[in-house]
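Structural description and commentary
Read off the chains here:
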Protein chains: 2
Amino acid sequence: MKEINYNDIPLFEGIHPDNLNKLLICINSFKKDFEKGETIIMEKDKVPYIGIVLFGNVHLLKEDIWGNSSLLSYVGPGELFGENFAVSVEQESSVTFVAVEKTRVLFLAASKIIHTCENACSFHARIAENMFHLLGQKSISYMNKLEIMSKESIRRKLMAYISTLAQQQKSKYIKAPLSRTQLADYLSINRSAMTRELGKMRDEGIIDFDRNTFVIK
Amino acid sequence: MKEINYNDIPLFEGIHPDNLNKLLICINSFKKDFEKGETIIMEKDKVPYIGIVLFGNVHLLKEDIWGNSSLLSYVGPGELFGENFAVSVEQESSVTFVAVEKTRVLFLAASKIIHTCENACSFHARIAENMFHLLGQKSISYMNKLEIMSKESIRRKLMAYISTLAQQQKSKYIKAPLSRTQLADYLSINRSAMTRELGKMRDEGIIDFDRNTFVIK
DNA sequence: GTTGGTTTGTTGCAATTGCAACAGTTTGAT
DNA sequence: ATCAAACTGTTGCAATTGCAACAAACCAAC
């Protein structure tokens, strides 16, 4: 597995590669590897660090008292996770973060980002600004999922989800980053009912799909 | 209607009242009143300003192409709205903000908060820090709603929602800030099915309620 | 290649939920 | 005080969805 190029990490946008090493030391960063299925952060854990996925994938899970676990969100290379807990006053996680495959994470001390640096390094202001942007975007992406989840039927949830993917990816061929089981989990719908509905939608000529690739017609 | 005390606005926490006036001018703030039902920000509008509710209430609505409108979130006195759009790079709103009653809003220029002040006023750092906290919290509150929405039945959605309220309010008597119709809208469930389920839950002795006040037993 | 475990597709049946229509209640404006 | 409009509760019926159980396909490890 290969790490994402640091220039392609949105949090570091606008920061010259030459300064990046200095910055990474300044904000107490460190890397850690996780095996497939390993828990990165447990519910109730304190989260003083922001995580950036360098390679692999992370799922945010929430388990309720009846043992039903649901997939709230997923995070891929270059993206942040745990930021919202790390920048809050109460830094206790309300969800569990799990590596769904072999994953490498870069951790950064949140306090070093939200408080202005003692040395007042110039790139510090830039990373704080980037952080604002990303926090806003993360909120918006949750609103987006709320919109999907508020659809009244399985069909409309699927359409809303696939449409969102289509917007992100440019191609006519939309590749879902989740397996069927995971997708059902993500949309909080019954897996077999979902398969049934997907079949109907294909029969009616609304969509087509092969494995994890979808096409809207 | 009376405005919330500025000392009770989380964004201004830790800022001495004497400095507040100076700050409010520095960050280009202005007030605006809205009548009941009036739209504050429309979908697709640019959102360069962060809104703070001084009195009244604001609902975040999302309408889809079939005309189904759903209530994503609500914002009361002292709370922010539009921050996530305002601090993002692309500042276009994806939802509509509506005053549900007579409402006064204090608007602040987001750019003045996320960029460090030219005058480098000391309280500027503090408001930026507060902003980080609040952005994190907002994200967490959306995750919270996602958790509620991912429940598989009306009953569990209601229980999850009422439990959330119970955590916020300390009292045994939980007052819902939404009417029945609004609540059904907020949880994306059928209103009459919700009423039916609430009745069943009362019959079974799980909860009790009178109008908008609930008690979990 | 073989094997065991996981994922996916299929289908009948039961249960929940949405829908529609209507009656009773509350609210707000004049 | 009166009236209209919006909100809330009720109920029968239809439709969607969840559930369970099983078969088929796929994957990974040896």
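Use the structure listed above.
Since this is a predicted model, take the numbers as computed values, not measurements.

Each side of the interface is counted separately: chain A has 41 residues, and chain B has 40 residues. Carbon and sulfur atoms make up 69% of the area that chain A and chain B hide from each other, which totals about 3700 Å². Of all residues in chain A, the largest losses of buried area upon contact with chain B belong to Phe132, Met143 and Leu146 of chain A, amounting jointly to 21% of the total for that side. The tally of links between chain A and chain B comes to four salt bridges. Across the pair glutamate 147 of chain A and lysine 62 of chain B runs a salt bridge, and its minimum N-O distance is 3.7 Å. Inspection of the chain A/chain B interface yields eleven residue pairs in polar contact (both at pLDDT 80 or more). Taken together, the elements giving at least two residues each to the side of chain A that touches chain B come down to strand E4 (58-63), strand E5 (69-75), helix H2 (83-86), helix H3 (110-114) and helix H4 (122-149) of chain A.

Quick look at the protein's contact with DNA strand C now. Every one of the 16 residues lining DNA strand C counts as a neighbour, but Thr181 and Arg191 of chain A together with Ser153, Ile154 and Arg196 of chain B are closest to it. Sugar plus phosphate: this is where 54% of the atoms of DNA strand C within 4 Å of the protein reside. One of the side-chain N or O atoms of arginine 180 of chain A is found 3.0 Å from a phosphate oxygen in DNA strand C. Of all elements in the fold, only helix H6 (180-187) and helix H7 (191-203) of chain A together with helix H7 (191-203) of chain B reach the threshold of two or more residues within the surface near DNA strand C. Split by residue class, the surface near DNA strand C holds three nonpolar, seven polar and six charged.

Now for the relation of the copies chain A and chain B. Least-squares fitting of chain A to chain B yields an RMSD of 0.0 Å, with the superposition described by an axial translation of 0.0 Å and a rotation of 180°. Accordingly, the operation relating the two chain copies is best matched by a two-fold axis. Among all residues of chain A, the minimum C-alpha distance to the rotation axis is found for serine 139 of chain A, at 2.5 Å.

The next thing to look at is the environment of isoleucine 113 of chain B. Residues and elements named next belong to chain B. Counting through the fold element by element, isoleucine 113 comes out in helix H3 (residues 110-114). C-alpha separation for the pair isoleucine 113 and aspartate 203, spaced 90 residues apart in sequence, amounts to 52 Å. Among residues more than four places away in sequence, those in contact with isoleucine 113 are Ile50, Leu108, His124, Ile127, Ala128 and Met131.

It is worth spelling out the pairing of strand E10 (residues 207-210) of chain B at this point. For a regular strand, the rule is simple: side chains alternate between the two faces of the sheet. Taking every second residue as pointing to the same face, the buried face of E10 of chain B carries Ile207 and Phe209 of chain B, while none of Asp208 and Asp210 of chain B on the other face is buried. Remark: two residues form the turn of the hairpin made by E10 of chain B and strand E11 (residues 213-216) of chain B, two consecutive strands paired antiparallel; arginine 211 of chain B in that turn has positive phi of roughly 55°.

As a further point, take the environment of phenylalanine 97 of chain A. If you trace the backbone, phenylalanine 97 of chain A turns up in strand E7 (residues 96-99). The contact partners of phenylalanine 97 of chain A, leaving out residues within four places of it in the chain, are Glu38, Thr39, Ile40, Ile41, Val58, His59, Leu60, Phe81, Gly82 and Phe85 of chain A.

This part takes up unusual backbone geometry. One non-glycine residue with positive phi stands out, namely arginine 211 of chain A, at about 55°. With respect to the helices and strands, arginine 211 of chain A occurs in the loop between strand E10 (207-210) and strand E11 (213-216). According to the relative accessible area criterion, arginine 211 of chain A is exposed, its value standing at 68%. Phi is positive for asparagine 28 of chain B, which is not a glycine, with a value near 55°. Residue placement: asparagine 28 of chain B occurs in the loop between helix H1 (17-26) and strand E1 (30-34).

On to the packing of helix H4 (residues 122-149) of chain B against helix H5 (residues 154-168) of chain B, then. Residues and elements named next belong to chain B. Contact geometry of H4 with H5 gives a least axis separation of 8 Å together with a crossing angle of 150°. Here H5 runs roughly antiparallel to H4, going by the angle between their axes. Between H4, through Asn144, Ile148 and Met149, and H5, the contact on the second element is made entirely by Lys157, Ala160, Tyr161 and Thr164. Partitioned by chemical class, the residues of the contact of H4 with H5 number four nonpolar, two polar and one charged.

Before going further, it helps to spend a moment on the protein's contact with DNA strand D. Close to DNA strand D lie 16 residues, the nearest being Ser153, Ile154 and Arg196 of chain A together with Thr181 and Arg191 of chain B. Among the atoms of DNA strand D close to the protein, meaning within 4 Å, 56% are from sugar or phosphate groups. Measuring from a phosphate oxygen of DNA strand D, one finds a backbone N or O atom of asparagine 190 of chain A at 3.0 Å. A distance of 3.5 Å separates a sugar or linking oxygen of DNA strand D from a polar side-chain atom of arginine 211 of chain A. When residues of the surface near DNA strand D are traced back to their parent elements, those giving at least two are H7 of chain A together with helix H6 (180-187) and H7 of chain B. Residue composition of the surface near DNA strand D, grouped by class: three nonpolar, seven polar and six charged.

The rules behind each value
- Residues numbered from 1 in each chain as written.
- Chains lettered and ligands numbered in written order.
- Predicted model: local features only at pLDDT ≥ 70, side-chain atom pairs only at ≥ 80, totals over all residues.
- Heavy atoms only, no water.
- Contact = heavy atoms within 4.5 Å.
- Buried area = accessible area lost by both parts, 1.4 Å probe.
- Salt bridge = Lys/Arg side-chain N within 4 Å of Asp/Glu carboxyl O.
- Polar contact = N/O pair within 3.5 Å; in protein donor to acceptor, adjacent residues only side chain to side chain.
- Helix = DSSP H or I, 4+ residues; strand = E, 2+ residues; numbered from the N terminus.
- Near = heavy atom within 4 Å.
- Nonpolar A, V, L, I, M, F, W, Y, C, P; charged D, E, K, R; others polar.
- Least-squares fit on C-alpha atoms with pLDDT ≥ 70 in both.
- Buried < 20%, exposed > 50% of the residue type's maximum accessible area, 1.4 Å probe, protein only.
- Pairing = 2+ DSSP bridges.
- Axes fitted to C-alpha atoms, helices over the stretch in contact; angles between N-to-C directions.
- Parallel < 35°, antiparallel > 145°, perpendicular 65-115°, else oblique.

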